[in-house]
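Each chain, written out:
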Amino acid sequence: MHILKIVVTGGAGFIGSNLCEYFLQQGYQVVCLDNLATGHMENMTEFIEHPAFTFIKGDIRDLETCRKAVEGADYVLHEAALGSVPRSIEDPLTTNEVNIGGFLNMLVAARDAGVKRFIYAASSSTYGDSKELPKVEEHIGRPLSPYAITKYVNELYADVFSKTYGMECVGLRYFNVFGKRQDPNGAYAAVIPLWVKQLLRGESPVINGDGSFSRDFTYIDNVIEANEKAMITPTELIRQRAKFYNLELSDDHAINLVFNVAFGGNTTLKALYKTLRDNLAFHDSRIATLEPVYGPERAGDIPHSQASILKAQRILEYAPKYDAAEGFRMACEWYWKNLK
Ligand SMILES: NC(=O)c1ccc[n+]([C@@H]2O[C@H](COP(=O)([O-])OP(=O)(O)OC[C@H]3O[C@@H](n4cnc5c(N)ncnc54)[C@H](O)[C@@H]3O)[C@@H](O)[C@H]2O)c1
């Protein structure tokens with residue numbers, strides 16, 4: 001029997017390692033390609049010895065490495081990229097090389113290897129300066145950072161590859177993902193692990209702006225579900241559902257779709273701070289008295305971000321199980337056990 005093989009790029013990172021772990025549990029063969037730029041070997045501790053797992057330490061900027069990784073693969077889940085808006089503002093060149101050059105290498109390698117579907121991490125940053133809420137896939141604004149440009153260019157390339165070479169592509173626009181293994185360290189740490197780390201150390205986190213900015217924080221398990229459904233939903237079913245919901249899909253081309261991946265809620269930074277503090281104070285009551293410090297707003301930040309998830313619900317039957325509050329609780333539990 002052929003065991004389906006998935007290539008997860010960026011599998012030593014936060015989202016990628018969670019995907020590797022899950023798909024190994026589901027009985028797939030998993031190949032991880034990662035250069036450990038922001039990922040860590042420790043993220044793979046729980047499955048590195050799994051007989052169906054292969055780790056390739058390599059860079060997606062090298063086409064031959066990408067080709068080696070996708071040999072005989074059925075699906076690609078492309079997560080490798082340099083994340084963070086501030087990083088891209090400080091170093092747009094490297095962000096561009098990895099996020100666009102590396103993406104194109106993976107597309108070419110996947111095309112030549114004849115993979116069934118190429119699923120990639122897109123981003124809510126593609127909504128840019130659009131003020132419309134909730135965010136609907138078809139209405140985007142102008143990018144606010146080099147990072148946002150790279151993620152949008154990924155979508156454009158996927159579109160052209162599906163039209164030109166008949167490749168099936170699905171872009172998943174993640175909205176502020178959080179959960180176990182998200183890195184609390186480094187200059188570009190995401191807000192949740194950063195604040196949790198600071199609270200656990202008895203330090204006061206900084207809220208950029210007045211705390212009224214809001215986000216559609218998305219628990220990692222919802223992201224895993226979206227990837228699985230994007231991978232296994234048959235093309236014919238996608239076409240039927242798209243027709244039913246009057247979503248335009250060309251009959252002549254392979255499918256190319258982009259979906260918001262979120263819970264569909266919104267949490268202000270102020271509320272996030274309070275929730276994280278309360279969850280951690282449950283373990284250590286000294287944390288309950290820590291007050292945040294307010295700092296200046298950050299360049300490139302979108303004031304509010306909330307997704308419509310209707311398209312993924314309709315076409316992929318995406319049904320996220322964890323709201324933000326439940327996710328915050330589980331993430332705090334994990335950090336309490338693993339970071340202290
Ligand atoms: N975390 C979020 O909230 C979020 C939101 C939107 C989109 N995304 C996207 O999801 C993907 C995963 O993000 P994450 O949060 O897990 O970040 P992460 O930094 O934890 O993971 C990225 C992984 O890619 C690897 N990588 C970077 N450059 C590479 C290269 N040149 N060659 C090979 N591997 C390389 C890193 O070592 C790391 O393991 C990224 O594409 C990111 O842009 C994340």
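Just above, that's the structure.
Cut-offs used in this document
- Residues numbered from 1 in each chain as written.
- Predicted model: local features only at pLDDT ≥ 70, side-chain atom pairs only at ≥ 80, totals over all residues.
- Heavy atoms only, no water.
- Core = buried A, V, L, I, M, F, W, Y, C linked by side-chain atoms within 4.5 Å.
- Buried < 20%, exposed > 50% of the residue type's maximum accessible area, 1.4 Å probe, protein only.
- Contact = heavy atoms within 4.5 Å.
- 1 Å grid on protein atoms, 1.4 Å probe; cavity = no way out; pocket = protein on both sides within 12 Å on 5 of 7 lines; lining within 4 Å.
- Points joined across faces, edges and corners; volume = space filled by probe spheres on them.
- Helix = DSSP H or I, 4+ residues; strand = E, 2+ residues; numbered from the N terminus.
- Nonpolar A, V, L, I, M, F, W, Y, C, P; charged D, E, K, R; others polar.
- Salt bridge = Lys/Arg side-chain N within 4 Å of Asp/Glu carboxyl O.
- Near = heavy atom within 4 Å.
- Polar contact = N/O pair within 3.5 Å; in protein donor to acceptor, adjacent residues only side chain to side chain.
- Areas by Shrake-Rupley, 256 points an atom, 1.4 Å probe, with all protein chains shown as cover.
- Pairing = 2+ DSSP bridges.
- Axes fitted to C-alpha atoms, helices over the stretch in contact; angles between N-to-C directions.
- Parallel < 35°, antiparallel > 145°, perpendicular 65-115°, else oblique.
- Left-handed = near helix turned anticlockwise from the far one by under 90°.

As for the nonpolar core
Here comes step 1: L172 and L276 are the most contacted members of the largest nonpolar core, which totals 69 residues.
Here comes step 2: Beyond its immediate stretch of four places on either side in the chain, L172 contacts I119, Y120, A121, A122, S123, A226, N227, A230, F259 and V261.
Here comes step 3: Among the nonpolar cores identified, the runner-up in size contains 28 residues, and C66, L82, M106 and V108 belong to it.

Quick look at the layout of surface pockets
Here comes step 1: Here the second largest pocket defines a volume of roughly 500 Å³.
Here comes step 2: Within the residue set of the lining of the second largest pocket, elements represented by two or more residues are α5 (146-165) and β11 (256-261).
Here comes step 3: Partitioned by chemical class, the residues of the lining of the second largest pocket number nine nonpolar, four polar and eight charged.

Brief notes about the pattern of salt bridges
Here comes step 1: A full pass over the atoms with the stated rule returns 21 salt bridges.
Here comes step 2: One salt bridge connects K116 with D74, and the closest N-O pair in it is separated by 2.5 Å. Linking K116 in the loop between α4 (92-113) and β5 (117-123) with D74 in the loop between α2 (63-70) and β4 (75-78), this pair joins segments that are 42 residues apart in sequence.
Here comes step 3: Taking relative accessible area as the criterion, K116 reaches 43% and is therefore assigned partly exposed.
Here comes step 4: Residue class for D74 comes out buried when judged on its relative accessible area of 5%.
Here comes step 5: Residues joined in a network through salt bridges with shared partners are E21, E46, K180 and R181.

Examining the site of the ligand
Here comes step 1: Not every one of the 27 residues close to the ligand is listed here, only the nearest: D34, T38, D59, Y147 and V177.
Here comes step 2: Here F14 contributes a backbone N or O atom positioned 2.8 Å from an oxygen atom of the ligand.
Here comes step 3: Between the ligand and the protein, one listed contact pairs a nitrogen atom with a backbone N or O atom of I60 at 3.0 Å.
Here comes step 4: With the chains in place, 91% of the 820 Å² that the ligand exposes on its own is no longer accessible.
Here comes step 5: Among the elements of the structure, α1 (14-25), β5 and α5 are those that each provide at least two residues to the shell around the ligand.
Here comes step 6: Counting residues per element, the shell around the ligand draws most heavily on β5, which supplies three residues.
Here comes step 7: For the shell around the ligand, the per-class residue count stands at 14 nonpolar, eight polar and five charged.

Remarks on the sheet that holds strand β6 (residues 169-174)
Strand pairing in a sheet takes place through backbone hydrogen bonds and is either antiparallel or parallel in direction.
Here comes step 1: Here we have seven strands laid out as an open sheet, ordered β3-β2-β1-β4-β5-β6-β11, and parallel in their pairing. On the outer flanks of this sheet lie β3 (53-57) and β11, each paired with one strand and no other. Across the sheet, the axes of successive neighbouring strands diverge by a mean angle of 20°, strand direction being ignored.
Here comes step 2: Sheet topology places strand β1 (residues 5-9) next to strand β2 (residues 29-34); five bridges connect them, and they run parallel.

Some thoughts on the packing of α2 against α4
Here comes step 1: It is the contact of α2 with α4, at a shortest axis distance of 9 Å, that shows an interaxial angle of 40°. As the angle between them shows, α2 and α4 are arranged oblique. Crossing of α2 over α4 shows right-handed handedness. Counted together, L63, C66, R67 and V70 of α2 and N105, M106, V108, A109, A110, D112 and A113 of α4 form the full contact between these two elements.
Here comes step 2: A class-by-class count of the residues in the contact of α2 with α4 yields eight nonpolar, one polar and two charged.

With respect to the side chain of T233
Here comes step 1: Structurally, T233 can be placed in the loop between α7 (220-232) and α8 (235-244).
Here comes step 2: Engagement of the side chain of T233 in a polar contact is seen with the backbone oxygen of K229, the distance being 2.5 Å.
Here comes step 3: In contact with T233, not counting residues within four places along its chain, are R117, I238, R241, I315 and L316.

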